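# Report on the structure
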Amino acid sequence: MIREGIDVERLLRNYDPDRISIATIASHSALQILRGAHKYGFRTIGIARPEHGWFYRQFGFIDEVWEVDFTDFESIIPKLLERNSILIPHGSYVEYVGWRRAIKMEVPTFGNRYLLEWEADQRLKMKLLEYANIPTPRIFDDVNYAKYPVIVKLYGAKGGRGYFIAKDREELMRRLSDLNDAYIVQEYVIGVPAYYHYFNSYVYSRLEIFGMDIRYESNVDMRIPGLVEPTFTVVGNIPVVLRESLLPTVQRYGEQFVKAVSELVPPGIAGPFSLESIITDDMSIIVFEFSGRIVAGTNVYMGIGSQYSVLYFDKPMDMGERIAHEIKEGIKRGTLAALLT
Ligand code: AMP
């Protein structure tokens, strides 16, 4: 476990709080993040892969688009600090830069960057959820005791790529013998997926249920029933709202997660995170995954705001706006450092 932390207070000492920039990798949820930041008066920076900047340059709310070779991401640190930048991490940042380098990046980063290590390791991930006392699928360390069907998950797999389902022991043993990567064998829960977007606000001392989505996945969604191997490659997201009677459980699990993170992964979690679940036909919510940062599923309400945000602000807000709002309030109240690692 990486323990040595970044001294955010020291980095912020050289920052001008009236001239903060919001920077993020130009991918994933960057449009939402940078649009929201611009709306709240921040300078905005999109960091694109070489030859990928053109798409982002067409949008007026992005002040600067840089093209950067991500193998040398560290070379832009001085430029980011010069512009008083707060980096907003998301899935593509983790994918392109890697959690090890992200944890050591000497740039103030929104939320808890140390959670990225827990997210990258299937066992640590499940340990945190179990510690939070949230129902999770069973993990079969000894496959002799597996109950079928099972899902086999590779460590650090992006968007579910490389996962497979085994219906019985024979299929599991055959598929495992071809596998060279680290994996876990998990109960495949029968039900429907639902992904919850939370925002843990230090400014308002509350956990907000902010939105929800389900994923549009190849090759499980709709067009190929039983014809090919399911691949779970995420191609998009679809908005969803739940029966209101499920919301108290969703809220409770979110609060349990926040508490677990504050105990196991200091300094706790500020800002967006997500729990990903299957809901069974008896209305149990089984959580198989978390993301300790903004998820791309929040894009479903970009620009229009989520239904649930109205409950807290009496106006629709998207997650990009919500992040900017929190940073703005943190600056105003002199508590910005608490939102960053
Ligand atoms: P993940 O990459 O962990 O988010 O998983 C990719 C997809 O696999 C999810 O969107 C779910 O549809 C499915 N999935 C993952 N774990 C389970 C499970 N234990 N039971 C049922 N479906 C699962």
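These numbers come from a predicted model, not from an experiment. (Residues numbered from 1 in each chain as written. Predicted model: local features only at pLDDT ≥ 70, side-chain atom pairs only at ≥ 80, totals over all residues. Heavy atoms only, no water.)

Here we come to the overall build of the chain. Counting secondary structure elements, the chain contains twelve helices and twelve strands. Its C-alpha atoms give the chain a radius of gyration of 20 Å, near enough to 20 Å, the size a compact globule of 341 residues would have. Each principal axis of the C-alpha atoms in the chain carries an extent, and together these give about 60 × 45 × 40 Å. Expressed as a percentage of its 341 residues, the buried residues of the chain come to 54%. Counting every atom, the chain has about 15600 Å² of accessible surface; 51% of that belongs to carbon and sulfur. On the chain, the mean spot of the 39 positive side-chain charges and the mean spot of the 44 negative ones are 2 Å from each other. (Helix = DSSP H or I, 4+ residues; strand = E, 2+ residues; numbered from the N terminus. Rg over C-alpha atoms; globule rule 2.2 N^0.38 Å. Buried < 20%, exposed > 50% of the residue type's maximum accessible area, 1.4 Å probe, protein only. Areas by Shrake-Rupley, 256 points an atom, 1.4 Å probe, with all protein chains shown as cover. Lys, Arg positive; Asp, Glu negative; His and termini not counted. Charge placed at Lys NZ, Arg CZ, Asp CG, Glu CD.)

We now examine the domain arrangement of the chain. Splitting the chain by domain gives domain 1 (8-113), domain 2 (120-135 + 190-335) and domain 3 (143-187). Just the C-alpha atoms count here: the centres of domain 2 and domain 3 sit 25 Å apart. Each partner contributes to the interface: domain 2 provides 14 residues, whereas domain 3 provides 16 residues. Contact between domain 2 and domain 3 buries roughly 1100 Å² in total, counting both sides, with carbon and sulfur atoms accounting for 51%. Where domain 2 packs against domain 3, one counts zero salt bridges. (Domains from an automatic or database assignment. Contact = heavy atoms within 4.5 Å. Buried area = accessible area lost by both parts, 1.4 Å probe. Salt bridge = Lys/Arg side-chain N within 4 Å of Asp/Glu carboxyl O.)

Let us look at the packing of aromatic side chains. We describe a pair of aromatic rings using the distance from one ring centre to the other and the angle between the two ring planes. As enumerated under the stated definition, the model contains 13 aromatic pairs in all. Where phenylalanine 55 meets phenylalanine 59, the ring centres are 5.5 Å apart and the plane angle is 80 degrees; that geometry is what we call edge-to-face. Phenylalanine 55 sits in the partly exposed class, given a relative accessible area of 33%. Every member of this aromatic cluster is reached through a ring pair, and the members are Trp54, Phe55, Tyr56, Phe59 and Phe61. Positioned over the ring face of phenylalanine 164 is arginine 175, at 4.2 Å from the centre of the ring. Positioned over the ring face of phenylalanine 199 is arginine 322, at 4.0 Å from the centre of the ring. (Phe/Tyr/Trp six-rings, centres within 6.5 Å; stacked < 30°, edge-to-face > 60°. Lys NZ or Arg CZ within 6 Å of the ring centre and 35° of its normal.)

Every one of the 17 residues lining the ligand counts as a neighbour, but Lys153, Val189, Tyr195, Glu217 and Glu289 are closest to it. Between the ligand and the protein, one listed contact pairs a nitrogen atom with a side-chain N or O atom of lysine 153 at 2.8 Å. Contact distances for the ligand include 2.4 Å between an oxygen atom and a side-chain N or O atom of tyrosine 195. When the free accessible area of the ligand is taken as 480 Å², the share hidden by the protein chains comes to 97%. Mapped onto the shell around the ligand, the elements with two or more residues apiece are β5 (150-154), β7 (183-187), β9 (206-218), β11 (271-279) and β12 (285-291). (Near = heavy atom within 4 Å. Polar contact = N/O pair within 3.5 Å; in protein donor to acceptor, adjacent residues only side chain to side chain.)

Once that is clear, we can look at the sheet that holds strand β3 (residues 64-67). What the four strands build is an open sheet, ordered β3-β2-β1-β4; its pairing is parallel. For this open sheet the edge positions go to β3 and β4 (85-87), each flanked by a neighbour on one side alone. Shown here is a sheet whose adjacent strand axes are inclined to one another by a mean of 25 degrees, direction ignored. By the bridge criterion, three bridges tie strand β1 (residues 21-25) to β4 in an arrangement that is parallel. When the bridges of β4 are listed, alanine 23 appears paired with leucine 87. This element, helix α2 (residues 30-39), spans β1 and β2 (43-48) of the sheet and lies at about 175 degrees to β1. (Pairing = 2+ DSSP bridges. Axes fitted to C-alpha atoms, helices over the stretch in contact; angles between N-to-C directions.)

Here the focus is the sheet that holds strand β8 (residues 192-201). The strand order across the open sheet formed by five strands is β10-β9-β8-β11-β12, and the pairing between neighbours is antiparallel. For this open sheet the edge positions go to β10 (233-239) and β12, each flanked by a neighbour on one side alone. Each strand of the sheet is rotated relative to its neighbour by a mean of 35 degrees, with strand direction disregarded. With nine bridges joining them, β8 and β11 adopt antiparallel strand pairing. Each bridged residue has a counterpart across the sheet, and for alanine 194 the counterpart in β11 is serine 277. On top of the sheet, helix α12 (residues 319-333) reaches β8, β9 and β11; it is set at about 20 degrees to β8, its chief contact.

This part is about a nonpolar patch on the surface. On the surface, a nonpolar cluster with roughly 250 Å² of combined accessible area is contributed by Tyr216, Val235 and Ile238. When you line up the elements, tyrosine 216 lands in strand β9. Among the residues examined, tyrosine 216 registers a relative accessible area of 36% and is labelled partly exposed. (Patch = residues over 30% accessible without salt bridge, like charges linked within 9 Å, V, L, I, M, F, W, Y side chains within 5 Å.)

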